[in-house]
Amino acid sequence: MFAKTRGMTAQTVTVQTTFCLRIACYSASVAAATGKEATTSRGADEESCVQQEVPSAEFINRNPRNLEQLGHAVRDKGWYMQWPRRNYYHRLRFKRNSHRTTAEVVHYGGRVVVTASTSEPAIMNQLYSGSDVAAAANIGSIIAQRCLQAGIVQLDFTVDADQFKTERVSMSAVHVCERSRLALF
Amino acid sequence: MVNIGLPLPKENKEKLKELKKAIIDGRRANHLLEQAARHRTLKVDIDQLENDMKGSAFSKHVRTSAEHYGVYKDLFGPHAYFNPAVALSIAFDYDDDAVSHVFNGNMLKPAECVSAPHIHYEAEKDTLWSIVLTAPDSHLADNKAEYLHWFVGNIEGSTIDTGELLCDFLQPLPLRGTGWHRYVFVLYKQERRIDFASEKRTQPCKSLKERTFHTYDFYKRYEDDITPAGIGFFQADWDSSVSDIFHKTLDMKEPVYEFDSPPLHIAIQRQVPHKQPFNLYLDRYRDPKDIAKEVLTKRFSDRSPFSGEPRRRQFPGIMPWSSLNDRDPLLPSWRKAQIQKERDGRQRYRHIYENRPGP
């Protein structure tokens, strides 16, 4: 079928992550006293900030997932002639064989972030079969729950059209959507 | 990479195999389960699942998340990690009935985290623990520093009330315009009772400068006596309660940031560009804020605040042209295209009909 991609180490994409400062318009003490917005002036800033922290002009948010969540992170936009494309942040992948069904959420850098499989004893215990429609549907809702717990709310879901016709994959995908408000692209 | 945490209980692979075999045999015999599966009514109880998932499965799951969010790297440095051996259950009171849980990176709003959460973990009676809540992303002045939002030390067993409050709880303060900040709870297991006098902040601590914290330095200071045992973290972005805290509690101006986009790759502007539509060419070199301002003015121009949200017409293309300007019915094509875009609410003009999303 498709060439299996080797697990890549997480690529560090150096992107501009700086934010410029624009100081907010009101200061508490002035607003409370006069009931109007204080104008921003250098003198006023220094007075009120003597005891408190002085914010820096450039701010860098170290959270590596922040830019992706805001939509500013650079995606892998090459490979547009290949299928499945790679312009995603997190991709949902289903794997199925006669014994078990597995759902994985994969980051474009290669890391498998969240996974749910019917081979886990805790899940296995509650299912009749590891590879039937009920298993697929339940794996869909379990992966949705785990994604929300891990703060992943948008996923790319690219699946072969023929594969999608089978009830198992479509059932699990539908369950993922219904169960959570995960945006599936 | 150094493992600075508690060792996980060793997994017996033989036992696991036997367990799985027992489960498979059991479920084959369970005809009710089979019926439910065949009728597609079988629903896994996810809460029970979470209770059942203990030991290395749970630990691996949380650790993967923590590594994905760079938590170990930003808190303990690039060479340390730990397996969360103790499952930490954290819940903020949302209202009388509901709670907001903290898992491994879930998104919460600062308004949900106004007061200290309920924490639960399994601990033996004579053990001592500490809990620290830090914000590695929110520091106003120093990018590499963190803010300490909560610190309770020398907790006996799992009763938080028995612990010494070294830093009172402050709600998350993700700065406006900076996106999602991480807030990390770290549970440390103590060897003995520790004197945290040097870590004590004034009660109540209303100075962000005083709340400056470095987990690496803190850990280094007490590393002989404490071991990270559990972790839980969430993400929060700005809401209006953050402004209130800045103004009322901290008594300072709230900084508002905006994203510094990388410069666009466009050619240097020439005085006589060849084969370029002049209006689009010139707009490329204008400040995007000026263009946005024009669109916003248009949005407000022919509407009163009482008339509600402006709506796109169902058929914008059927609007006649001659009614625009009776003296000059023949409009140049570029101007017609621009007017059509305004009517359709396409491209930059979509903000006439859509409320611009906030920072």
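Computed from a predicted structure; not experimentally measured. (Residues numbered from 1 in each chain as written. Chains lettered and ligands numbered in written order. Predicted model: local features only at pLDDT ≥ 70, side-chain atom pairs only at ≥ 80, totals over all residues. Heavy atoms only, no water.)

Undergrad: Pulling in residues and values, what's your account of the overall build of chain B?
TA: A count of helical and extended segments in chain B gives 11 helices and 13 strands. Since a compact globule built from 359 residues should have a radius of gyration of about 21 Å, the 29 Å found for chain B marks it as more spread out than a globular shape. Looking at chain B as a whole, 45% of its 359 residues qualify as buried. Put simply, 70% of the contacts in chain B that link residues at least 6 apart link residues at least 24 apart. The centroid of the 53 positive side-chain charges in chain B is displaced by 10 Å from the centroid of its 52 negative side-chain charges. (Helix = DSSP H or I, 4+ residues; strand = E, 2+ residues; numbered from the N terminus. Rg over C-alpha atoms; globule rule 2.2 N^0.38 Å. Buried < 20%, exposed > 50% of the residue type's maximum accessible area, 1.4 Å probe, protein only. Contact = heavy atoms within 4.5 Å. Lys, Arg positive; Asp, Glu negative; His and termini not counted. Charge placed at Lys NZ, Arg CZ, Asp CG, Glu CD.)

Undergrad: Report on the sheet that holds strand 3 (residues 89-93) of chain B, specifying residues and quantitative values.
TA: All names here are of chain B. Taken in spatial order, the three strands of this open sheet run 4-3-6, and their pairing is antiparallel. In this open sheet, the two edge strands, each paired with only one partner strand, are strand 4 (99-102) and strand 6 (118-120). This sheet shows a mean twist of 25 degrees between the axes of neighbouring strands, independent of strand direction. One ladder, built from four bridges, connects strand 3 with strand 4; its direction is antiparallel. Residue pairing for strand 4: Ile-90 is matched across the bridge by Val-102. (Pairing = 2+ DSSP bridges. Axes fitted to C-alpha atoms, helices over the stretch in contact; angles between N-to-C directions.)

Undergrad: Now, about the nonpolar core: what can you tell me, with residues and values included?
TA: The biggest cluster of nonpolar side chains holds 39 residues, and the ones touching the most others in it are Tyr-121 and Phe-185 of chain B. If we skip the residues at most four places from it in the chain, Tyr-121 of chain B touches Val-86, Ala-87, Leu-88, Trp-129, Ile-131, Ile-155, Gly-157, Ser-158, Ile-160 and Leu-187 of chain B. (Core = buried A, V, L, I, M, F, W, Y, C linked by side-chain atoms within 4.5 Å.)

Undergrad: Account for the confidence of the model for chain A, with residues named and values stated.
TA: All names here are of chain A. Looking at chain A as a whole, its pLDDT mean stands at 75, while 70% of the residues score no less than 70. No element of chain A has a lower mean pLDDT than helix 1 (residues 28-34), which averages 37, and none a higher one than strand 5 (residues 112-117), which averages 96. Confidence drops under pLDDT 50 across residues 1-16; counting only partners more than four residues distant or on other chains, this segment forms 18 contacts. (pLDDT = per-residue confidence, 0-100.)

Undergrad: How would you sum up a nonpolar patch on the surface? Please name residues and give values.
TA: Together, Phe-278, Leu-282 and Trp-334 of chain B line one region of the surface with nonpolar side chains, adding up to about 300 Å² of accessible area. Position of Leu-282 of chain B among the secondary structure elements: in helix 8 (residues 278-284). (Patch = residues over 30% accessible without salt bridge, like charges linked within 9 Å, V, L, I, M, F, W, Y side chains within 5 Å. Areas by Shrake-Rupley, 256 points an atom, 1.4 Å probe, with all protein chains shown as cover. Salt bridge = Lys/Arg side-chain N within 4 Å of Asp/Glu carboxyl O.)

Undergrad: With reference to specific residues and values, describe the state of the cysteines.
TA: All names here are of chain B. All chains considered together, the criterion is met by zero disulfides over all chains. In this structure Cys-167 is a free cysteine whose sulfur lies 5.3 Å from that of Cys-205, the closest cysteine sulfur available. For Cys-167, a relative accessible area of 0% puts it in the buried group. Residue classification places Cys-205 among the buried residues on the basis of a relative accessible area of 3%. (Disulfide = S-S within 2.5 Å.)

Undergrad: Explain the packing of aromatic side chains to me, using residue names and the numbers behind them.
TA: Evaluation of the coordinates by the stated rule reveals 23 aromatic pairs over all chains. With centroids separated by 5.4 Å and ring planes inclined at 25 degrees, the aromatic side chains of Tyr-183 of chain B and Phe-234 of chain B adopt a geometry described as stacked. Taken together, the positions of Tyr-183 of chain B in strand 10 (residues 181-190) and Phe-234 of chain B in strand 12 (residues 226-236) put the pair 51 residues apart, joining distant regions of the chain. Among the aromatic residues, those joined into a cluster by ring pairs are Phe-92, Trp-150, Phe-169, Tyr-183, Phe-185 and Phe-234 of chain B. One residue, Arg-86 of chain A, lies across the ring of Trp-79 of chain A, its end atom 3.8 Å from the ring centre. (Phe/Tyr/Trp six-rings, centres within 6.5 Å; stacked < 30°, edge-to-face > 60°. Lys NZ or Arg CZ within 6 Å of the ring centre and 35° of its normal.)

Undergrad: Which residues make up unusual backbone geometry, and what are the values?
TA: Cis geometry marks the peptide bond from Trp-83 of chain A to Pro-84 of chain A; its omega dihedral reads -5 degrees. Positionally, Pro-84 of chain A belongs in the loop between helix 3 (66-70) and strand 3 (90-96). Here the amide bond leading from Gln-203 of chain B into Pro-204 of chain B is cis, since omega sits at -5 degrees, within 30 degrees of zero. Looking at the element boundaries, Pro-204 of chain B is found in the loop between strand 10 and strand 11 (212-213). With a phi close to 65 degrees, Trp-79 of chain A is a non-glycine residue in the positive phi region. Checked against the element boundaries, Trp-79 of chain A lands in the loop between helix 3 and strand 3. By relative accessible area, which is 41% here, Trp-79 of chain A ends up partly exposed.

Undergrad: Describe a negative patch on the surface, with residues and values.
TA: All names here are of chain B. A cluster of acidic side chains, namely Asp-93, Asp-95, Asp-96 and Asp-97, defines a negative patch on the protein surface. Examined against the element boundaries, Asp-96 turns out to sit in the loop between strand 3 and strand 4. Under the relative-accessibility criterion, Asp-96 is labelled exposed at 81%.

Undergrad: How would you summarise the side chain of Thr-127 of chain B if you had to cite specific residues and measurements?
TA: Residues and elements named next belong to chain B. Within the element layout of this structure, Thr-127 appears in the loop between strand 6 and strand 7 (128-135). For Thr-127, the side chain forms a polar contact with the side chain of Trp-129, separated by 3.0 Å. For Thr-127, the residues in contact, after removing those within four places along its chain, are Ile-155, Glu-156, Gly-157 and Lys-189. (Polar contact = N/O pair within 3.5 Å; in protein donor to acceptor, adjacent residues only side chain to side chain.)

Undergrad: Tell me about the sheet that holds strand 4 (residues 101-107) of chain A, residues and numbers included.
TA: Residue and element names in this part refer to chain A. Judged by pairing direction, the sheet is antiparallel, and its three strands sit side by side in the order 3-4-5 without closing on themselves. The two strands at the open ends of the sheet, each matched to only one other strand, are strand 3 and strand 5. Sheet twist, expressed as the average angle between the axes of neighbouring strands with direction ignored, equals 15 degrees. Across seven bridges, the pairing between strand 3 and strand 4 is antiparallel. Considered in strand 4, the bridge of Arg-91 is made with Val-106. Against the sheet, helix 5 (residues 133-149) touches strand 3, strand 4 and strand 5, its axis set at about 145 degrees to strand 5.

Undergrad: Report on the pairing of strand 7 of chain B, specifying residues and quantitative values.
TA: Residue and element names in this part refer to chain B. Counting buried positions over the eight residues of strand 7 gives eight, a clear majority of the element. Of the two faces of strand 7, the one lined by Leu-128, Ser-130, Val-132 and Thr-134 and the one lined by Trp-129, Ile-131, Leu-133 and Ala-135 are each fully buried. Across seven bridges, strand 7 lies against strand 8 (residues 146-156) in antiparallel orientation. Counterpart to Ile-131 in the pairing with strand 8 is Val-152.

Undergrad: Which residues make up the interface of chain A and chain B, and what values go with them?
TA: On the chain B side, the residues contacting the 70 residues of chain A number 73 residues. Carbon and sulfur atoms make up 56% of the surface buried where chain A meets chain B, a total of about 6,400 Å² over both sides. Considering only the surface of chain A that becomes buried against chain B, Glu-53, Arg-62 and Tyr-128 of chain A emerge as the three largest contributors, covering 15% of it. At the junction of chain A and chain B, the tally comes to one salt bridge. Measuring nitrogen to oxygen at the nearest pair gives 3.7 Å for the salt bridge that ties Asp-74 of chain B to Arg-62 of chain A. For the side of chain A that touches chain B, the leading source of residues is helix 5 of chain A, giving nine residues. For the side of chain A that touches chain B, the per-class residue count stands at 32 nonpolar, 27 polar and 11 charged. (Buried area = accessible area lost by both parts, 1.4 Å probe. Nonpolar A, V, L, I, M, F, W, Y, C, P; charged D, E, K, R; others polar.)

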